[in-house]
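Single-letter residue listing:
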Amino acid sequence: MDWVAPSIEIVKLVGGRFVRYLKYQIKYNALLQKFEQNKQDLRSRKDDIESKRETQLQSAPYNVVRAEVEDWLKEVEEFIRRQDVVDEVNSWGYLSCCCRAVILEERTQELKEIYDRGDNYTRDCLVIEDHSKKLKHYVQNFNELKKNLQCNQADIGSKLNSQLVHGKIEMEQVKHWRRKVEEMLKGVKDIEDQIGGSSSHSCDSLVMLLGEKIREMERMCEEGSPLPDCLVIDDPSALAVELPVSKLQGSEAVIEEISACLRGEEVAKLGVWGMGGIGKTTIMKHIHNELQKQPKFKKIIWVTVSKDSNIYNLQEQIADCLKEQLPKDQNIAMRAGQLFQMLKEDKHKPSLLILDDVWESFDLNEVGIPKLDVINGCKLVLTTRSQEVARSMGCSSIIKVETLSRKEALELFLNKVGDTILSDHGGGIKKDLESTLKEIVDECDGLPLALITVAGSLKGISESQLWRVALNQLRDCKRNVAGKDDDDAFRILKFSYDRLRNQQMRYCFLYCALYPEDYKIPQEKIIESWIDEGFIDEMEPRQSMKDEGYGILQKLEDNSLLELIKDDFRGPCVRMHDLIRDMALDITRMSPQFLVEAGKALKELPEKVKCAEGVERFH
């Protein structure tokens, strides 16, 4: 048992140190566990603050992180990156256990201080506004919105121009939006100048100004997006309606030539001339109706000038076409000034003025017609029987309307005369009529009006003997009637008048010449006038007399001596071709004797009427 005593001594010596080691080790382990837990908490706090920072940055692209927040995050990142702290302490061994615990306590205290400083950042805003960045962001938004608005404006403008054909006007909603955009874009230049010269002290005020303008531009883009596909509506005050017109025969080439002049930019004044009855008015009516479907002209104005017209009446007619009124008591010069303003050109949509049946030249300025040139795009077309009139009016291009070829004349005549001349067995014209028919067509000299009226007078007649009688009568008229030297149609038209079946119908026809040239005569009105004049035999009830009048109108229309037309305000009307009216007036100079001054706006009875003898009617 000699070893017992030394063993006890050894235990006493070693046991004390072991106990102290165990105590230090237990303390160190506790500190280490606390350190690791605190480090994990710090990581969590760092992640939370970084997430909050990103959220606040995304809410406003022009925000930046506060400097102290960035410094704290860097400090945390650096501390966490020091992974050797625990390994360094553990490597110091047994004798340094106490020292390890002290160092770990220091590291733990450092971690706690960092963690506590981060507590403020969990509650406070982590970002602040960067005014230069905010200004840059606003400028970028401003430029993008301006570009989008300009593109929308251009697209809608192009679409509108393609839809603004004659008879259509811009919708008020579209007009209002385009006007607001135009005004807004005018103010953009001032802001752009301020952006270019901005300084640090003006940054805040410029940001506020840009913010207001951006919100305004966003509203304009939103207002423009729901605009309808169709940007136009029907113009309730359209300057013209589609003119009633018969089918054309053999005039395609001259129509294309006139249309090419109107489409191009070289010709501002165009003259269309040819003998009476050749179809100048019909050709221009077709062109007029086609132009209404195109966006070339803003205003298309059709005025019939006529032989008896004057400057005052011409001004009145143009104003009526524009649905405007000129003062009745003003002199011509003052009225011309007002008419000029009504006709004032629009550089985007010029006007076209068609003057039909011009007999002599006159000064356009005196009427009030604006300057016509290739710059403003406004154009004038006049039809006349005289090439000299077209030349003296300053027409830079003059187009002659030629007579129909023999083939074209025959086609037109057959189209108007009806199918009673056709063979029952097919194969075209009846053999016993063919030779006479072609001779009658040749006598009409290719004049469309003559062909139409002669064909109308022969409609429904199939006997060859009656056709030969008609041919002889037509030749007699051409020899004996003293018409105008340069107007064969005048003589041919007299043939259609002579073929009216009785004097009653002739009186009814001649009475229509009392109205002004190209006048739309309401059917009801003319029939009542015939009844009052005693042209229609009295019968009961009065409606029977009206029915008789409608029958006469139908016969005159069938003979192509009157043209049946429709008027939205007057109802069914008839109109007399100017050449047929000339022929009728020539007849009334003899018997029955009429004196016609219609359309001259007379205020008192002319002296020649007071002195005239044998005049049955004055109108």
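This one's a predicted model, so the numbers in the text were calculated from it and none came from an experiment.

Okay, the nonpolar core next. I258, F413, W467, F509 and W530 are the most contacted members of the largest nonpolar core, which totals 86 residues. If we skip the residues at most four places from it in the chain, F413 touches L437, I440, V441, L451, V454, A455, L458 and W467.

In the predicted model, the protein carries a mean pLDDT of 78, and 79% of its residues have values of at least 70. Note that pLDDT drops below 50 for residues 608–612; the model gives that stretch 5 contacts with residues more than four away or on any other chain.

Where like charges cluster on the molecular surface, the negative patch consists of D537, E538, E540, D547 and E548. The residue D537 is located in the loop between α20 (523–533) and α21 (542–558) in this model. Judged by its relative accessible area of 55%, D537 is exposed.

On to the side chain of N289, then. Inspection of the secondary structure puts N289 in helix α9 (residues 280–291). A polar contact is formed between the side chain of N289 and the side chain of H288, at a distance of 3.1 Å.

Attention shifts here to α21. With 17 residues, α21 should cover 24 Å at 1.5 Å per step; its first-to-last C-alpha distance of 25 Å lies within 8% of that length. Taken residue by residue, α21 has M545, K546, G549, I552, L553 and L556 as its buried positions. Taken end-on, α21 shows its buried residues confined to a sector of 115 degrees, consistent with a single buried face. Buried residues belonging to α21 abut α19 (503–512), α20 and β12 (571–575). At the C-terminal side of α21, S560 shows a positive phi close to 60 degrees.

Going through the model one piece at a time under the given rule, you end up with 6 aromatic pairs. Ring geometry for Y511 versus F535: centroids 5.8 Å apart, planes at 75 degrees, classification edge-to-face. With Y511 in helix α19 and F535 in the loop between α20 and α21, this pair connects stretches of sequence that are 24 residues apart. The pair formed by Y511 and F535 is uniform in burial state, with each residue classed as buried.

This next bit is on unusual backbone geometry. Phi at D357 is positive, roughly 65 degrees, even though this residue is not glycine. The exposure class of D357 is buried, given its relative accessible area of 7%.

A few words on the sheet that holds strand β6 (residues 299–304). Read across the open sheet, the 5 strands follow the order β6-β7-β8-β5-β9; overall the sheet is parallel. Lying at the two open borders of the sheet, with one neighbouring strand each, are β6 and β9 (397–400). This sheet shows a mean twist of 15 degrees between the axes of neighbouring strands, independent of strand direction. Relative to the sheet, α9 contacts β5 (269–273), β6, β7 (351–358) and β8 (379–384), its axis offset from that of β6 by approximately 160 degrees.

Moving on to the environment of N63. Tracing the backbone through its elements, the reader meets N63 in strand β1 (residues 63–65). On the basis of relative accessible area, N63 is assigned to the buried category, the value being 10%.

Here is what the cut-offs are and how they apply
Residues numbered from 1 in each chain as written. Predicted model: local features only at pLDDT ≥ 70, side-chain atom pairs only at ≥ 80, totals over all residues. Heavy atoms only, no water. Core = buried A, V, L, I, M, F, W, Y, C linked by side-chain atoms within 4.5 Å. Buried < 20%, exposed > 50% of the residue type's maximum accessible area, 1.4 Å probe, protein only. Contact = heavy atoms within 4.5 Å. pLDDT = per-residue confidence, 0-100. Patch = residues over 30% accessible without salt bridge, like charges linked within 9 Å, V, L, I, M, F, W, Y side chains within 5 Å. Areas by Shrake-Rupley, 256 points an atom, 1.4 Å probe, with all protein chains shown as cover. Salt bridge = Lys/Arg side-chain N within 4 Å of Asp/Glu carboxyl O. Lys, Arg positive; Asp, Glu negative; His and termini not counted. Charge placed at Lys NZ, Arg CZ, Asp CG, Glu CD. Helix = DSSP H or I, 4+ residues; strand = E, 2+ residues; numbered from the N terminus. Polar contact = N/O pair within 3.5 Å; in protein donor to acceptor, adjacent residues only side chain to side chain. Expected span 1.5 Å × (residues − 1). Arc of directions from axis to C-beta. Phe/Tyr/Trp six-rings, centres within 6.5 Å; stacked < 30°, edge-to-face > 60°. Pairing = 2+ DSSP bridges. Axes fitted to C-alpha atoms, helices over the stretch in contact; angles between N-to-C directions.

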